[in-house]
Amino acid sequence: MKVGTHPTAATHAHGTVLTSAPQDAPVDRATAAARRVVDAMLRTDRGNANLDRVAEELNSIADHLEEHAPEVAERLIDMWNGEGVTRHDPVTGPENAIAPPLVLEGLEDGSVRGTVTLTMPYQGPPGCVHGGVSALILDHVLGVANAWGGKSGMTAKLETNYHRPTPLFEPLVITGRLVSVDGRKIRTVGSITTADGQLCVSVEGLFIDKTVPRPR
Ligand SMILES: CCCCCCCCCCCCCC(=O)SCCNC(=O)CCNC(=O)[C@H](O)C(C)(C)COP(=O)(O)OP(=O)(O)OC[C@H]1O[C@@H](n2cnc3c(N)ncnc32)[C@H](O)[C@@H]1OP(=O)(O)O
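Position labels on residues start from 1 in each chain and follow its written sequence. Thresholds applied to this predicted model are a pLDDT of at least 70 for local features of residues and 80 or more for the giving and counting of side-chain atom pairs; totals over whole chains, interfaces and linings are not thresholded and use all residues. Side-chain measures were taken over the full set of non-hydrogen atoms in the model, leaving aside hydrogen atoms and water.

Take the overall build of the chain next. Strands here mean DSSP runs of E at least two residues long; helices mean DSSP runs of H or I at least four residues long; both are numbered from the N terminus. Along the chain, the regular secondary structure elements total 4 helices and 7 strands. Listed by position from the N terminus, the elements making up the chain come as β-α-α-α-β-β-α-β-β-β-β. Radius of gyration means the value over C-alpha atoms here, while the globule rule gives 2.2 Å times the residue count to the 0.38 power. Computed over C-alpha atoms, the radius of gyration of the chain comes to 18 Å, within 12% of the 17 Å expected from 2.2 N^0.38 for 216 residues, which places it in the range of a compact globule. For the C-alpha atoms alone, the extent of the chain along its principal axes is close to 55 × 45 × 30 Å. The 216 residues of the chain split such that 34% are buried. Whether two residues are in contact is decided by their heavy atoms, any of which lying within 4.5 Å being enough. Taking the contacts inside the chain whose residues are at least 6 apart along the sequence as the reference set, 66% of them involve residues at least 24 apart. For the exposure calls, accessible area comes from a 1.4 Å probe over protein chains only, and a residue counts as buried if that area is under 20% of its type's maximum, exposed if over 50%, partly exposed in between.

Structure representation (structure tokens):
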């Protein structure tokens with residue numbers, strides 16, 4: 001994971017947005033529509049929404065996208081070019097339909113923070129966020145916290161504590177902060193709380209400073 005020229009707490013102002021804002025671009029609009037489809041599919045009336053026709057139309061859209069898809073190796077090079085890193089990941093990426101997407105800011109105390117409301121595609125227990133989804137979000141947020149702290153690494157360990165069920169359909173505050181660096185070992189913590197401050201999930205991550213080269 002290479003950080004390169006990403007903003008850090010040492011070089012950028014409190015409140016710097018670290019994730020890629022959705023742009024007024026066809027790919028962002030198409031991805032937002034796909035995200036709506038995934039959500040609406042789980043909400044719609046199973047018996048009354050003419051899902052055979054929906055399947056036909058969605059397959060036709062998928063056929064069209066696949067017809068225009070370059071080779072995977074070529075696409076990977078394109079994805080990792082420039083600031084691509086913040087556009088396609090599964091947590092913050094405006095080009096990734098499975099990303100909520102979460103927007104993160106860097107704060108002057110060295111932490112990163114964002115607010116997100118999760119809906120049915122992220123459900124685990126009834127009306128609550130899937131534990132694996134919480135871990136996914138926090139793993140990524142810790143990676144961004146490392147970048148804001150001027151470091152980067154691969155997740156070696158992510159210890160996750162689930163304190164209470166994490167609610168869907170209400171704003172959740174997600175935070176991360178690099179706490180120490182010891183040689184190649186980077187230790188980073190994070191949490192998910194409700195808007196009124198109830199702790200739902202906390203994590204402690206161990207990252208090892210290692211760069212995975214970008215495809216070229
Ligand atoms: C600003 C905003 C921009 C955003 C930027 C982008 C953000 C992107 C965010 C994306 C975020 C998403 C992030 C992701 O999704 S990263 C993807 C998920 N992670 C992986 O796939 C990692 C797979 N594992 C590996 O590649 C290697 O095992 C690593 C790299 C981890 C270490 O292999 P390496 O050969 O390099 O090192 P080493 O084995 O010599 O070990 C070195 C030291 O570390 C200690 N150790 C190792 N493992 C563990 C362990 N499990 N518990 C405790 N300790 C452990 C070890 O004992 C040793 O200590 P010591 O003997 O020296 O004391």
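A few words now on the site of the ligand. We define proximity as follows: a residue is near a molecule or strand when any one of its heavy atoms falls within 4 Å of that partner. Close contacts around the ligand come from 17 residues, with T155, A156, R184, K185 and I208 the closest. One nitrogen or oxygen atom from the main chain of A156 is found 3.1 Å from a nitrogen atom belonging to the ligand. Contact distances for the ligand include 2.7 Å between an oxygen atom and a side-chain N or O atom of K185. Method for areas: the Shrake-Rupley scheme with a 1.4 Å probe, in which residue coverage is limited to the protein chains shown. Protein contacts shield 58% of the accessible area of the ligand, which totals 1300 Å² for the unbound molecule. Listing elements by their share of the shell around the ligand, those giving two or more residues are α4 (131-148), β4 (154-162) and β7 (199-208). It is α4 that provides the largest number of residues to the shell around the ligand, a total of 5 residues. Class assignment of the residues belonging to the shell around the ligand gives a composition of 8 nonpolar, 4 polar and 5 charged. Any pair of N or O atoms that falls within 3.5 Å is considered a polar contact. Within protein, one atom must be able to donate a hydrogen and the other to accept it, and sequence-neighbouring residues count only if both atoms are side-chain atoms. Gly counts as polar in this scheme, as do all residues outside two lists: the nonpolar Ala, Val, Leu, Ile, Met, Phe, Trp, Tyr, Cys and Pro, and the charged Asp, Glu, Lys and Arg.

So, about the UniProt feature "domain: Thioesterase" (unreviewed entry) in the chain. UniProt positions are given in the numbering used here, feature names are shortened, and annotations may be inferred rather than shown by experiment. Within this structure's numbering, the places UniProt gives as "domain: Thioesterase" (unreviewed entry) are residues 127-200. Secondary structure content for residues 127-200 is 24% helix and 45% strand, and the end C-alpha separation is 14 Å.

Residues enter a patch when their relative accessible area is above 30% and they make no salt bridge; the linking distance is 9 Å between like charges and 5 Å between nonpolar side chains (Val, Leu, Ile, Met, Phe, Trp, Tyr). By salt bridge we mean one thing: a side-chain nitrogen of Lys or Arg within 4 Å of a carboxyl oxygen of Asp or Glu. A cluster of nonpolar side chains, namely V37, L58, I61 and L65, defines an oily patch on the protein surface of about 320 Å² accessible area. For the nonpolar patch, the leading source of residues is helix α2 (residues 51-67), giving 3 residues. Take I61: it is sitting in helix α2. Take I61: its relative accessible area is 46%, and that puts it in the partly exposed class.

Summed over all chains, the structure comprises 6 salt bridges. For D78, the salt bridge identified is with R75, shortest N-O distance 2.7 Å. Here R75 and D78 lie together in helix α3 (residues 72-79), a separation of 3 residues that amounts to about one turn. What makes D78 partly exposed here is its relative accessible area of 48%. For the salt bridge of E95 with R87, the shortest nitrogen-to-oxygen distance reads 2.8 Å. Within the structure, one salt-bridge network assembled from shared partners comprises D28, R87 and E95.

Another point: the nonpolar core. To define a nonpolar core, start from buried Ala, Val, Leu, Ile, Met, Phe, Trp, Tyr and Cys residues and group those joined through side-chain atoms within 4.5 Å. Among the nonpolar cores identified, the biggest contains 27 residues, and L102, V112, L118, I137, V141 and I174 are the most heavily contacted of them. Elements with a minimum of two residues in this core: β3 (111-117), α4, β5 (171-182), β6 (185-194) and β7. It is α4 that provides the largest number of residues to this core, a total of 8 residues. Sequence-distant contacts of V141, that is, excluding residues within four places in its chain, are made with L102, L104, V112, I174, T175 and G176.

Moving on to the environment of V103. Its place among the elements puts V103 in the loop between α3 and β2 (105-106). Ignoring anything within four residues of it in the chain, the contact list for V103 reads V17, T19, R113, G114 and T115.

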